[in-house]
Amino acid sequence: MVKKVLPSCNVCGASVIDFVEPEVAKEGQVKEGKYVNNLWVCNDCLNK
């Protein structure tokens, strides 16, 4: 339910926010990322 209100990565479509608690990051359902040029991109996609 929370994932529906989170923005998605413009590249891979994963739910992304600018800060993820370590416990949440371990689950892999929400990724940490950045808002760049009016688009959200997860750190995994930024590093590719």
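Residues numbered from 1 in each chain as written. Predicted model: local features only at pLDDT ≥ 70, side-chain atom pairs only at ≥ 80, totals over all residues. Heavy atoms only, no water.

## Some thoughts on the overall build of the protein
Let me state the cut-off plainly: Every helix listed is a DSSP run of H or I at least four residues long, and every strand listed is a run of E at least two residues long, numbered separately from the N terminus. Accessible area is worked out with a 1.4 Å probe on protein chains only. A residue is then buried under 20% of its type maximum, exposed over 50%, and partly exposed in between. Every residue pair with non-hydrogen atoms within 4.5 Å of one another is taken to be in contact. For the area figures, the Shrake-Rupley method with a 1.4 Å probe applies, and any residue is considered shielded solely by the protein chains shown. When charges are counted, neither His nor the chain ends are considered; positive counts come from Lys and Arg and negative counts from Asp and Glu. By convention, charge coordinates are those of NZ in Lys, CZ in Arg, CG in Asp, or CD in Glu.
A tally of regular secondary structure across the protein gives two helices and three strands. Dimensions of the protein, computed from C-alpha atoms along their principal axes, come out at roughly 25 × 20 × 15 Å. Within the protein, the proportion of its 48 residues that are buried is 21%. Taking the intrachain contacts of the protein between residues at least 6 apart in sequence as the baseline, contacts between residues at least 24 apart amount to 28%. For the protein, the exposed area adds up to about 3800 Å²; of that, 52% sits on carbon and sulfur atoms. Here the protein contributes 6 positively and 6 negatively charged side chains, and the mean placements of these two sets differ by 8 Å.

## Focus on the environment of Gly 33
On the secondary structure map, Gly 33 appears in strand E2 (residues 30-36). As a C-alpha pair, Gly 33 and Val 16 span 17 residues in sequence and 5.8 Å in three-dimensional space. Once residues within four sequence positions are removed from consideration, Gly 33 is found in contact with Val 16, Ile 17, Asp 18, Trp 40, Val 41, Cys 42 and Asn 43.

## A word on the sheet that holds strand E1 (residues 15-17)
Note on sheets: strands pair through backbone hydrogen bonds, and any given pair is parallel or antiparallel. Note the threshold: We call two strands paired when DSSP finds no fewer than two bridges between them. Axis definition: a line fitted to C-alpha atoms, over the contacting stretch in the case of helices. Angles run 0 to 180 degrees between N-to-C directions.
Spatial strand order, E1-E2-E3: three strands in an open sheet with mixed pairing. Lying at the two open borders of the sheet, with one neighbouring strand each, are E1 and strand E3 (39-42). The mean inter-strand angle of the sheet, taken between neighbouring strand axes irrespective of direction, is 50°. Of the pairings in the sheet, the one linking E1 to E2 comprises three bridges and is parallel in character. Looking at the pairing, Ser 15 lines up with Val 30 of E2.

## Points about the pattern of salt bridges
Our working rule: Just to be clear on terms, a salt bridge is a Lys or Arg side-chain nitrogen sitting within 4 Å of an Asp or Glu carboxyl oxygen.
This structure, assessed with the given rule, holds one salt bridge. In this structure, Lys 31 and Asp 44 form a salt bridge, with 3.3 Å as the shortest nitrogen-oxygen distance. In this pair, Lys 31 is assigned in strand E2 and Asp 44 in helix H2 (residues 43-46), connecting sequence segments 13 residues apart.

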